[in-house]
Amino acid sequence: MTAVQPKSDTITVHNPADGTIAGSVSVDGPDAVAAKARELRLFQPEWEAIGPRGRKKWMMKWQEWILDNSDHLTDVLMSETGKSRGDASLEALGVADYINYWAGHAEEFLADKHPTPHTALYRVKKLTTVYRPYPLVGIIEPWNFPLALLGLDVVPALAAGAAVLLKPSEVTPLSAVEFVRGWTEAGAPPVLGLATGYGATGASVIDNADYVHFTGSTATGRKVGVACAEQLKPFSLELGGKDPAIVLADADVDRAANGVAWGGMFNAGQVCVSIERVYVEAPIYDEFVAKLTENVRKLQQGSETDPGFTYDVGAMATGAQRDIVARHVDEATAAGARVLTGGKPTGQGTFFEPTVLADVTADMSCISEETFGPTLPVVKVADEDEAVRLANDSQYGLSATVWTGDTGRGERVARRLECGAVNINDALTNLFCPGLPMGGWKSSGIGYRSGGASGLIKFCRQQAITAPRLPTQKSELLWYSSSKKQARIALAAMRAFAGHGLRRFGIKG
Ligand code: NAD
C-alpha cells in the first residue's frame, strides 16, 4: 500500500502545551518495517506454544514494570500530548487493569470448544474448535490516548498468542516507545515490536501483518480497509464518532449537567466515545443549560509543572485539531448559535477554552462533523422521539448517553439508538468494561474490540478438528435419539453414505 510520507528520517515531538521539544523517533521505511516483522515472526511460535499460562507470567511482570513506572509514563504522556495530569495519570493504570483482565482470562477464553453435533449422525465424532493466533498482528493507533489504547488493543493481541507490530501516531510516539521498553525490561520474549513514522509506515505495517487492527479517523480507516481487502487480510476498524447525549425531562438535572460536562470535557474533548452534541427536552432545557454552563465555566485549564496539582482541562494534541474546534465554533456563531462560555483559543499553546454553545441547529458543522475538542453544543428538542431521530441522524454510530430518572426508559431509548454503546446516566463507562463489546456502527467502524472472549478470538484463526470418539472403532457407528425425526435424518444419511466406505452401522434408540 502507498501513502504519502514527509521526507525526513526523524520525527521531532513537541509538547503542544508550550512548544518545547519532548523527544524524537526515527521514521521507519518499508525495509525497516519488513525486517522488524521478520524478527517478530521468528519468536511468535514459541510465544504461542507456551500457552495462556506461560504468557500470563510475562504479562504480569510487564504489569509490575508499568505500575512501578506509572509516574514516568504519565510525564512522558503529558510531554507529548499536553494533557492535564489528571487525564494523563489514568492511562498507565488503565493498561495495568487491562493486562489483569486479558492475561487473567486468556486460558478460559481460548480453551478449545466442543460443540454438540447438530444431528445424531455425528455423535460418533469428537468435534473441536481450536483458536490459533494470527502470527503477526499489526496495530495502528491515533494520538488521543497514546498509552490507554495500547491496553485496549496490544494487550489482548499478545494474550491471544500473536506477535504484535505496533505503529503509534507520528504525533505521540513517545509513550509507545516506553510501553515497548517496559516489555523488554520485564524480560519478556521479543514478540512486541515498534514501527514509528507517518502514514507510509502504517501502510508498511499493513503489508507485513497477517491481521490489522486500526484505530483512527474514518477517512484513514477507509484507506486501511481498501489496502487490507486488496491483500485479503482480515482487519478491524475503530473510527470517528459524533456521540449524542439525550437529556430527558425526567432526568436529575444536577446529575445530568455534571455528567455531560465530564463526558464532554474529559481529555479536552478528544475522546471517541465522549459527548459531542446534546439534545435536551424542552421542559428542562433552560435549567440544564444554566447548570451545564456553570459547571464548564468553573473548569480550570492549563499545563502543570507541580506534580501534586492537576488542571481539569489540558491542551489539544495538535494545532490542526485546535483549528478544527475553532472553525466549528466560529461557523456555529456565524449561523446564530450563542457562546455561553469559552468559545476561542486561549492564545497559549494549543489550548481551546471549554465551551458551551446554545441555540444550535442540526445543519451546523458542530453537529454534523466530528469536533473532537472541548465543546458542548446544546439543542432543544420537543420530546424523546425528536431526540432519538436527531441523535440517529449522523453518519457516525459510536456511542451515546441517555439521562433520565427512569433507567427502564433509558434502556428502551438505548435500543432505539443506532450506535455501538449507550451509557445511561453516565459517560464513557463501557470503555472501562472489557467484558462488553466496544465498536462503531455505520461510519464509526467495522468489528469490535473487547467483548469478553470475542476480544481475544478476533486475533485468532479458528480451526475445526474432527476425530473418531472410539479409538478401537473398526467401522462407523451411528446413534440416534428416540425422536422419529432424528431417526429419519440418520437413516437417510446412512443410505447416502453407503457408497462411501460406510460398511456397517448400528442404531440405538
Ligand atoms: P488518523 O486517521 O489521522 O491516524 C491514525 C493512524 O493512522 C496514525 O498512526 C497514522 O500515522 C496512521 N495512518 C495514516 N495514514 C495511513 C495509511 N494510509 N495507512 C496506514 N496507516 C495510516 O487519526 P488521528 O487524527 O491520529 O486520530 C483521531 C481520530 O481517531 C478521530 O477521528 C477519533 O474519533 C478516532 N479514534 C477512534 C477511536 C475508536 O475507538 N473508535 C479511538 C480513538 C480515536
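Residues numbered from 1 in each chain as written. Predicted model: local features only at pLDDT ≥ 70, side-chain atom pairs only at ≥ 80, totals over all residues. Heavy atoms only, no water.

(A) Representation of the site of the ligand within the structure. In the region of the ligand, 32 residues are neighbours, and Glu170, Ser217, Thr220, Leu239 and Glu370 sit closest. Ser217 places a side-chain nitrogen or oxygen 2.7 Å from an oxygen atom of the ligand. Glu370 has a polar side-chain atom sitting 2.6 Å from an oxygen atom of the ligand. Across the complex, the protein chains shield 90% of the 860 Å² of accessible surface that the ligand would expose by itself. At four residues, the largest contribution of residues to the shell around the ligand is made by helix H7 (residues 199–208). Tallied by class, residues from the shell around the ligand come to 17 nonpolar, nine polar and six charged. (Near = heavy atom within 4 Å. Polar contact = N/O pair within 3.5 Å; in protein donor to acceptor, adjacent residues only side chain to side chain. Areas by Shrake-Rupley, 256 points an atom, 1.4 Å probe, with all protein chains shown as cover. Helix = DSSP H or I, 4+ residues; strand = E, 2+ residues; numbered from the N terminus. Nonpolar A, V, L, I, M, F, W, Y, C, P; charged D, E, K, R; others polar.)

(B) How the structure looks around the environment of Asp252. Of note, Asp252 is situated in the loop between strand S9 (244–247) and helix H9 (253–265). Along the sequence, Asp252 and Gly445 sit 193 residues apart, while their C-alpha atoms lie 33 Å from each other. Engagement of the side chain of Asp252 in a polar contact is seen with the backbone nitrogen of Asp254, the distance being 3.1 Å.

(C) Structural context of helix H10 (residues 282–298). For H10, which comprises 17 residues, the first-to-last C-alpha distance of 25 Å matches the rise-based estimate of 24 Å (1.5 Å per residue) to within 8%. Most pronounced at Phe288, the bend in H10 amounts to some 30 degrees. Ile284, Tyr285, Phe288, Val289, Leu292, Thr293, Asn295 and Val296 are the residues of H10 that are buried. (Expected span 1.5 Å × (residues − 1). Bend = angle between axes of the 7 residues up to and from the residue. Buried < 20%, exposed > 50% of the residue type's maximum accessible area, 1.4 Å probe, protein only.)

(D) Structural detail: the pairing of strand S13 (residues 375–381). Burial analysis of S13 places six of its seven residues in the buried class, which makes it a mostly covered element. Relative to S13, strand S10 (residues 277–281) is paired through four bridges, and the arrangement is parallel. In the strand pairing of S13, Glu281 is matched with Val381. (Pairing = 2+ DSSP bridges.)

(E) View of the packing of helix H2 (residues 51–68) against helix H6 (residues 174–185). Two numbers describe how H2 lies on H6: the axes approach to 9 Å, and their chain directions differ by 125 degrees. In terms of their interaxial angle, H2 and H6 are classed as oblique. The two elements H2 and H6 cross, and the hand of that crossing is right-handed. Facing Met59, Trp62 and Trp65 of H2, the residues of H6 in contact are Glu178, Phe179, Arg181, Gly182, Trp183 and Glu185. Residue composition of the contact of H2 with H6, grouped by class: five nonpolar, one polar and three charged. (Axes fitted to C-alpha atoms, helices over the stretch in contact; angles between N-to-C directions. Parallel < 35°, antiparallel > 145°, perpendicular 65-115°, else oblique. Left-handed = near helix turned anticlockwise from the far one by under 90°. Contact = heavy atoms within 4.5 Å.)

(F) Expanded view of the sheet that holds strand S4 (residues 136–140). Read from one edge to the other, the open sheet built from six strands follows the order S6-S5-S4-S7-S8-S19, with strand pairing classed as mixed. Every other strand in the sheet has two partners, leaving strand S6 (192–194) and strand S19 (445–446) as the edge strands with one partner each. Note that S4 and strand S7 (residues 211–215) share four bridges and pair parallel. Directly across from Ile140, in S7, lies its bridge partner Phe214.

(G) Broad picture of the side chain of Thr355. By the element assignment, Thr355 lies in strand S12 (residues 355–358). In terms of polar contacts, Thr355 uses its side chain to reach the backbone amide nitrogen of Gly343, at 2.8 Å. Among residues more than four places away in sequence, those in contact with Thr355 are Met265, Val296, Val329, Thr341, Gly342, Gly343, Pro374, Thr375 and Leu376.

(H) Structural context of the pattern of salt bridges. Per the counting criterion, the structure on display carries 25 salt bridges. Here Arg416 makes a salt bridge to Glu384, at a shortest N to O gap of 3.1 Å. Linking Arg416 in the loop between helix H14 (407–414) and strand S16 (421–424) with Glu384 in helix H13 (residues 384–392), this pair joins segments that are 32 residues apart in sequence. Glu384 sits in the buried class, given a relative accessible area of 17%. Through salt bridges with shared partners, a single network forms among Asp250, Glu281, Glu384, Asp385, Arg409 and Arg416. (Salt bridge = Lys/Arg side-chain N within 4 Å of Asp/Glu carboxyl O.)

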